[in-house]
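Observations on chain architecture
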Amino acid sequence: MPFERRYLYSSTAIVAAALLLIALIWSITSERVAYERAMAVKDTRDDNRNIGSMVEEHTLGVLSALNQGLAFVRLQYMRDGPQVPLLQVLQDSSINRGLIGSIEIAGPDGRIVEASAPTVGNAGIDPAIIAALAADDTDAPFIGAPRQEGDGTWRAPIARRLTQPDGSFGGAVLAWFDPVELGNVYRRTSLGEDDAILVLHRDGRALVRRSGDRVTVGDDYNDAPLMKAARQNPAGSLVTRGRVDNVIRILDYTTMRDYPLIVAVGTAEDPALGGYRRKARDYYSIASVATIAIAVLAFVLMRAMAKQRSALDDLVRNERRFRATFDQAFVGMAQSAPDGQILQANQKLCEMLGYEEDEVRGRTMDSFVLPADRDMPHHDGRAAQQRLLRKDGRIAWADIATTVVRDSAGAVDRCVTVVHDITEFKRIDRMKSEFVSMVSHELRTPLTSIRGSLGLVAGGVAGALPEAARNLVDIAKTNCERLIRLINDILDTEKIESGKMAFEIAEVELEPLLAAAIAANQGFAEQHGVMVVLHAPPQPVRVMADADRLTQVVTNLLSNAIKFSPPNSAVQVTLSEAAGNAQVEVQDRGPGIAHEFRDRIFRKFSQADSSDSRARGGTGLGLNISKAIIEKLGGTLGFTSEVGQGSIFHFGLPAVVPRTATAATGPRTRPLVLVIEDDPDIARLIVMMLDKAGFEGDIARTAAEAREDLAQRRYAAMTVDLKLPGEDGVALIRSLRREPPTREVPVIVVSAVADEGRIQLNGEAHAVAEWLGKPIDENRLVRAVREAVSGRESQHPCILHVEDDPDIQRVAAAIAQGIFHLEFAGTVAEARSALAQRHFDLVLLDLRLPDGSGWDVMPAIEAQDPPPPVVVFSVDDVPLAARARVAAVLTKTDTSNEKLVATIRDVLARTPERAGMRS
Amino acid sequence: MARELRRILYVEDEADIRTVAKMALEAVGGFEVVACASGEEALRLAPTARADLLLLDVMMPAMDGPSTLCALRELPETADTPVIFMTAKVQAAEIAEYLALGALDVVSKPFDPMSVSEDIRRIWNRASGG
């Protein structure tokens, strides 16, 4: 998943999770708070109801006492008539418990018949009471509305009906009582200052209301929520604001059963819910803190992610930039694993090769290079010009440079190969070369005639010439020769620049070479009246060089020195050897080299003074060519000069130690190891290490010497340095592996560039037994040589694996390690040539090959004596008829490594000829 | 081959060079030269030329030096007459090619008319002696 989307998903997830968490916390909190509130309210209600019960009980008690008093008076009055001792009754505490203030008895018309206290005026009992009692024959007590007296006290009437013996209405007995008494229970409850007790008449008038010290009587509650609720339900609960004191209360009420009264208890909400509120506050604080914490956490997380995202963004951007650079690069580029397998190839490279990227991936760069060009080193920055075989069969020229990228531990992590398409450049270069070559040859043809004619005329073939004509002919002849030299030099320069100058490197003894060059220039020296003297040390000095080219250099230096020497002076040629370097100096007594010219002296066509140079007949290319030749030979060319005193031109080349004749020593009993190493000190060191370990070492300094030695003696193993002069070690190993007498000799690479060499030789199974870097680890070297030598003696069965897929080759090589000796052939042609060269114990045959079918190889296999058994290892199925020709058939897709090895072993065991065949 | 070099069958398409070389070989070297302007002419003249040596230019139109040599080898008279190539193409690989064709040696162009006869005689003697 692309990073941006992943980031989007994860940040959304964080926000969602945070919100969810916060929602959860708040829902739990609010639920908890609601629960707490419900609990608090419930507790309050429970208290209210308990207190309500007490108030009701108390009210009931008061009313019962009043009722009883009335019943007693009524009984007396019915028995005795209007002479009831009312004052006595009031004072008798068994009847009146101090509740009844006064008693009145009235007739059916309401007029007072008897009263405990004198009544004011002639007023009878309230006609409403009389009417109510007259209408109700249930004997239920009637409670009337409280009335305020003149002194401010309150009294309320409670009345009962008097019934005649015939059942008709006979009047009323009425007692006045203090309604405040009903609220006196307040003190015995746990009610607080703001809590309240209320006893209401059903008609909405309060008998008493008590809250703290405030007592009120007679308030009208008809419009109050309490009355509205009570009219609907006889008992219940509500929260309401007090009409007297504005306090909000939780109110519980019940309607009394036998009296028209409603009892209500109200607890002030604030103190009642105080505990709950504190708890709620705590809950809300905790929830808030948690919310903030979650928000901060989410924010921090997202910030961190944003940072990571920006870092990753940078990475992605860099990667994209790199990818774009890589893809759009004008040069072909490939990234490969340390084993050479291409992991990534850019568009340009694919275009150059004519393959799709997925066809390129998994192959090695070398597999695209023409086999003949593979030996060229192209590791670590050095570019080699090689030919690539395109998919369409065409050839592309490429500059291939591979750089090794190491990880922090220093191991090879990646190889980056840059492939420059130089096909067009090559074409143009070839055209240029052809042009230069053509022009030069075309010039030579007329020059040949001119020179020949002039030579003949000057030589007197056409008869003697007059003096003037002779001079003119000489001038023409000299200039003609100069023109020829110029053309030769141009051709040489062209060859050097195009890298086509071939050097045949061999050991050259310098003194004879110098003497010959001096002799060849003797005539020229004599013309100038100059003597050339050679100084050489008594012992021979040798270098590795191309003798002809070295002679060309010496001749150039000599002719320059002679040309610039004053007559009768001497040119001194001095040969010396110091610190492994052979030095040749050519000293003249000429005018020296002007300071301003010294910088340009080695440039092409540079001459100190054009008029001078014409007089001296130079081409202006000689020193440029000489310097290039010496440098190609691995040396340096330079000069010292003093104006007016003369110049010394000198060149140095690495001197070679004379090679000790390897054949000279007597018969050797110890195993012989060939040490191929150009550095004499390292070579001697390796031989010493081998000597200590019981091996005899021969030294070869070049690939050519190695071949010579390998042809003459039988070696148990060889060590190869990869950086050899001329042909390098990798090329040598490859060529040795192709030739039957040397292909079996184990190779141990001892080189500072072992890693790169390993990459180059990758896939060429069994090419090298061991890779050792420099400096040399003596133990590893000795162990490697021992193992290589003993491994060789064990003589594993030799199998030809005909297989074009390099991956399967690699796998097979890995499996066969130490069990079989595998040789690979990628095509029918290669297989035939391998079979023509040697006998195999078994052939492992793929059927699909680039140039035909595996069956095409069968005649060559069957031509071997005895014919080796064939194991078909292919994706194709083999028809039954064909199975008779082979020993076993394995299908690639369902053959494990173990099965492959087991099958090969089994087939080898079943082949009787094998025992007799190998000795 | 231990006889003296006298008659040379010389093939060169360039008239001027042919003239100069013929003159140099005859006047300076004292050889008898049968000069031909092309491979075809050489094939015509070869049966009667009684040449001791074939001296062939390499680059010629139509039949070049090597093909002229091949054709001459088909004739009984020149089946094993020694041959020297005379050419401006004297790179190491090219020389190796001429020697592979059976040439005694190569004389490079431009040649020095005063010494070319001496060079050819030296090559001849070396081949006879060895």
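So, here is what we can say about the structure in this document.

What counts, and where the lines are drawn
For every chain, the first residue of the written sequence is number 1, and numbering continues from 1 along that sequence. The lettering of chains begins at A and the numbering of ligands begins at 1, in the order of writing. Only residues with pLDDT of 70 or above have their local features reported here, since the model is predicted, and side-chain atom pairs are shown and tallied only from 80 upward, although totals for entire chains, interfaces and linings are computed over all residues. Only DSSP runs of H or I with at least four residues qualify as helices, and only runs of E with at least two residues qualify as strands; both kinds are numbered from the N terminus onward. Residue burial is a threshold on neighbouring C-beta atoms within 10 Å of the residue's own C-beta, all placed from the backbone, with 20 or more meaning buried, 12 or fewer meaning exposed, and counts in between meaning partly exposed. Here, residue contact means that the backbone-derived C-beta atoms of the two residues sit within 7 Å. DSSP-based pairing: two strands are paired if at least 2 bridges between them are found. The nonpolar class holds Ala, Val, Leu, Ile, Met, Phe, Trp, Tyr, Cys and Pro. Asp, Glu, Lys and Arg form the charged class, and all remaining residues, Gly among them, are polar.

In terms of helices and strands, chain A carries 27 helices and 36 strands. Of all 919 residues assigned to chain A, the portion counted as buried reaches 33%. Nonlocal contacts in chain A, meaning residues at least 24 apart in sequence, comprise 59% of its contacts between residues at least 6 apart.

Before going further, it helps to examine the overall build of chain B. Assigned secondary structure in chain B consists of 5 helices and 5 strands. When the helices and strands of chain B are listed from N to C terminus, the series reads β-α-β-α-β-α-β-α-β-α. Going through the 130 residues of chain B one by one, you find that 40% of them count as buried. Across chain B, every contact between residues at least 6 apart in sequence was considered, and the portion connecting residues at least 24 apart equals 61%.

The next subject is the pairing of strand β16 (residues 395–406) of chain A. On a regular strand, one side chain projects to one face of the sheet and the next to the other, so that they alternate. Relative to strand β17 (residues 412–421) of chain A, β16(A) is paired through 9 bridges, and the arrangement is antiparallel. Across the sheet, residue A:Val405 finds its bridge partner in β17(A), namely A:Arg414.

Another point: the interface of chain A and chain B. Taken together, the 15 residues of chain A in the interface contact 17 residues of chain B. It is helix α8 (residues 423–458) of chain A that contributes the most residues to the side of chain A that touches chain B, 11 residues altogether. Considering only residue class, the side of chain A that touches chain B consists of 5 nonpolar, 8 polar and 2 charged.

What follows concerns unusual backbone geometry. Here the bond from B:Lys109 into B:Pro110 is cis, since omega is -5°, no more than 30 degrees from zero. Tracing the chain through its elements places B:Pro110 in the loop between β5 (105–108) and α5 (116–129). Although it is not a glycine, A:Asn568 adopts a positive phi angle of roughly 65°. Mapped onto the elements, A:Asn568 comes out in the loop between α12 (547–564) and β21 (570–578). For A:Ala579, which is not glycine, the phi torsion reads 50° and is therefore positive. With respect to the secondary-structure elements, A:Ala579 resides in the loop between β21 and β22 (581–587).

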